[in-house]
Amino acid sequence: MRVAAAGVDRLRGFMAPVIDFEDTVVLLGRFPALAGLTMSVDPGHIVLLRGSNGAGKTTFLRTCAGLLPVSQGRARVLGFDMTVSRREVRPHIGLLGHGSQLYDDLTVADNLAFWGGAVGADSADQRAALEAMEVSPRLWNISVQKLSAGQRRRVAIAVLVARRPRLWLLDEPHAGLDRRGRDLLDGLLGAAAAAGATVVFASHELDRAEVVADTVVDIGGGRTLAATSLPRGTAGEGTGPDDD
Amino acid sequence: MMTELFVDAARVARKDLLIEWRTRVTINQVIPLGLLIEVVFAFAFDANRSLLEQGAPGLFWVGVLFAGTLVVQRSFTVEGPDGITDALRLSGFRPGAMFLGKAAAIFVELVVLEVALLVGVVVLFDVGLSDPLLLVATTVIGTAGFALTGAIYGALSLGVRVRETLLPLLLIPVVAPILLGGSRALEAAFGISTQPGWNWVGLLTVITGVYAAIGLVAFGPLMEES
């Protein structure tokens, strides 16, 4: 199924898809977590993956990140053939999983410097990323283990922002964030897409996620079930559930 | 290309040393353990001081081996939780840079440990020093070999649930040649043996070179499998 929603900039139609999977099979042990999934995502989209537990959302995100090998079918991400060169795509990917991917014993600033520095983000980029997620400067020199779960999540997202990935892959990105944090994240995703990056995220918080996304893809049994285009533009207005 | 490799390696090493500096695990736990091992040997062989003196080089490396295994273990324990292994794969660091960076940080921590253990050897085992240059060459090259080997086997055990017990089982037999060569060379450095020690330093250099080459090739695939 092709994700190139109506209303999308016409230029994008001439660009190669960011994600291009066709009958893709990914095995976890012997279990086909992706069982012939077909999906194509053009640049600049924000795609919500919707599906029940075990549908294959996380496996799809990890496969796009080059962390899982493709067993059968065709799979290209950012032009890289994932069957032969899945490692080459990785520096261009920003993956936010369930973990914070931060070193507990390092400070917030140290973590930003290490992960951001790996892709050439300078100190100004790192500071701007922390400010974008409204991580208070008084926390910058605090070790990550002393932060609350929500603050850790904000820092983890700031790391992604500093790395400026071309493809954002987010697994339950709103989890652990307060309402303000969710609004900031939604705003960042919109800004990233507007700047030409592509965002694919899985979420069970559909009220909020469907406001951010321009396309919803339903996944079940390791396959794409349906793709639906949504009107975009209400992201960042705080329409999701208030769980401060 | 090579410059980037070393810049990235320095970044990884700095991160590991920063974690050590913040947590002080080597200083507060590993060094006391190494000294405790020496004290235990000193008590065990107290009745025969000449035997203790003769065995001092081997006992020094035994202390380095056991306490150093904890340094290696700690170096990779911090990479395990919270999705950090995935983040490292996605980081953009070359596997070779990660390998050299991890090994460099382990090397620095082991050198600190060894300085304390050498003082312990001199004080507890009544050992004199006859060839300081040989001592420095042996410990530096032997430690580099241990650190490089530790970085390989640390990566190997990264994704294993029982890595705390598995790593010593894997690592200690592999670094046994370093224990052997290091002990023989230190016997000459301490004036215990009249045999030439530099031949053993040559052997340590070859072992270190071989493990450096293996690590540069194997670290990437090991990280993939973890």
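Structure: above.
The model shown is predicted, which means the values in this text are computed figures rather than measured ones.

Novice: Could you give an account of the overall build of chain A, naming the residues involved and the relevant values?
Specialist: When helices and strands are counted, chain A shows six helices and eleven strands. The buried share of chain A, taken over its 244 residues, is 57%. A separation of at least 24 residues holds for 70% of the contacts in chain A among residues at least 6 apart in sequence. Accessible surface computed for chain A: about 10000 Å², of which carbon and sulfur atoms make up 51%.

Novice: Describe the sheet that holds strand β8 (residues 167–171) of chain A, naming the residues involved and giving the relevant values.
Specialist: All names here are of chain A. Spatial ordering of the open sheet is given by β7-β8-β9-β4-β10-β11, a layout of six strands whose pairing is mixed. Here the strands that pair on one side only, and so sit at the sheet edges, are β7 (93–96) and β11 (223–229). Averaged over all adjacent pairs, the angle separating strand axes in this sheet is 15 degrees, with direction ignored. Here four bridges tie strand β4 (residues 46–50) to strand β10 (residues 215–220), and the two strands are oriented parallel to one another. What sits directly across from Leu48, in β10, is Val216. Of the strands in this sheet, β4, β7, β8 and β9 (198–202) are in contact with helix α1 (residues 57–64), which crosses β8 at around 150 degrees. Along the sheet, helix α4 (residues 149–163) contacts β7 and β8; its crossing angle with β7, the most-contacted strand, is approximately 175 degrees.

Novice: Kindly report on a nonpolar patch on the surface, identifying the contributing residues and their values.
Specialist: Residue and element names in this part refer to chain B. There is a patch of nonpolar side chains on the surface, built from Val111, Val115, Val119, Val122 and Val123 and spanning about 410 Å² of accessible area. Topologically, Val115 is positioned in helix α5 (residues 95–125). Val115 sits in the exposed class, given a relative accessible area of 51%.

Novice: Lay out helix α8 (residues 176–189) of chain B with the relevant residues and their values.
Specialist: All names here are of chain B. In a regular helix each residue adds 1.5 Å, so 14 residues correspond to 20 Å; α8 covers 20 Å between its end C-alpha atoms and thus fits that length. Buried residues belonging to α8 abut α3 (49–77), α6 (132–156) and α9 (198–225). Within two residues after α8, Gly191 carries a phi angle of roughly 75 degrees, on the positive side.

Novice: I'd like a rundown of the packing of aromatic side chains, residues and numbers included.
Specialist: Residue and element names in this part refer to chain B. Going through the model one piece at a time under the given rule, you end up with eight aromatic pairs over all chains. Relative to Trp61, the ring of Phe60 lies with its centre 5.3 Å away and its plane at 75 degrees, an arrangement referred to as edge-to-face. Looking at Trp61, the relative accessible area reads 1%, which means it is buried. With 5.7 Å between their ring centres and 45 degrees between their planes, Phe99 and Phe219 make a pair best called tilted. With a gap of 120 residues between them, Phe99 in helix α5 and Phe219 in helix α9 connect regions that are remote in the sequence.

Novice: Requested: an account of the pairing of β8(A), with residues and values cited.
Specialist: Residues and elements named next belong to chain A. Across the five residues that make up β8, a large majority, five, are buried. Taking every second residue as pointing to the same face, both faces of β8 are buried, with Leu167, Leu169 and Asp171 on one and Trp168 and Leu170 on the other. Alignment of β7 against β8, held across four bridges, turns out to be parallel. Each bridged residue has a counterpart across the sheet, and for Leu96 the counterpart in β8 is Leu170. Sheet analysis places β8 next to β9, joined by five bridges and oriented parallel. When the sheet's bridge partners are listed, Leu167 is paired in β9 with Thr198.

Novice: Can you explain the environment of A:Leu68? Please cite residues and give values.
Specialist: All names here are of chain A. Within the secondary structure layout, Leu68 lies in the loop between α1 and β5 (72–77). You can call Leu68 buried: its relative accessible area is 13%. For the pair Leu68 and Leu28, spaced 40 residues apart in the sequence, the C-alpha separation amounts to 8.6 Å. For Leu68, the residues in contact, after removing those within four places along its chain, are Val26, Leu28, Thr59, Arg62, Thr63 and Arg86.

Novice: Explain the interface of chain B and chain A to me, and be specific about the residues and the numbers.
Specialist: Contacts between the two partners involve 22 residues from chain B, matched on the other side by 26 residues from chain A. In this assembly, chain B packs against chain A so that about 2100 Å² is buried in total across both faces, 59% of it on carbon and sulfur atoms. Three residues stand out in chain B for area buried against chain A, namely B:Asp82, B:Leu90 and B:Glu224, and they jointly supply 30% of the buried area on that side. Inspection of the chain B/chain A interface yields six salt bridges. For the pair chain B and chain A, the number of links is eight residue pairs in polar contact (both at pLDDT 80 or more). Those elements that provide at least two residues to the side of chain B that touches chain A are α1 (2–23) and α4 (84–90) of chain B. In terms of residue count, the dominant contributor to the side of chain B that touches chain A is α1(B) (seven residues).

Rules used throughout
- Residues numbered from 1 in each chain as written.
- Chains lettered and ligands numbered in written order.
- Predicted model: local features only at pLDDT ≥ 70, side-chain atom pairs only at ≥ 80, totals over all residues.
- Heavy atoms only, no water.
- Helix = DSSP H or I, 4+ residues; strand = E, 2+ residues; numbered from the N terminus.
- Buried < 20%, exposed > 50% of the residue type's maximum accessible area, 1.4 Å probe, protein only.
- Contact = heavy atoms within 4.5 Å.
- Areas by Shrake-Rupley, 256 points an atom, 1.4 Å probe, with all protein chains shown as cover.
- Pairing = 2+ DSSP bridges.
- Axes fitted to C-alpha atoms, helices over the stretch in contact; angles between N-to-C directions.
- Patch = residues over 30% accessible without salt bridge, like charges linked within 9 Å, V, L, I, M, F, W, Y side chains within 5 Å.
- Salt bridge = Lys/Arg side-chain N within 4 Å of Asp/Glu carboxyl O.
- Expected span 1.5 Å × (residues − 1).
- Phe/Tyr/Trp six-rings, centres within 6.5 Å; stacked < 30°, edge-to-face > 60°.
- Buried area = accessible area lost by both parts, 1.4 Å probe.
- Polar contact = N/O pair within 3.5 Å; in protein donor to acceptor, adjacent residues only side chain to side chain.

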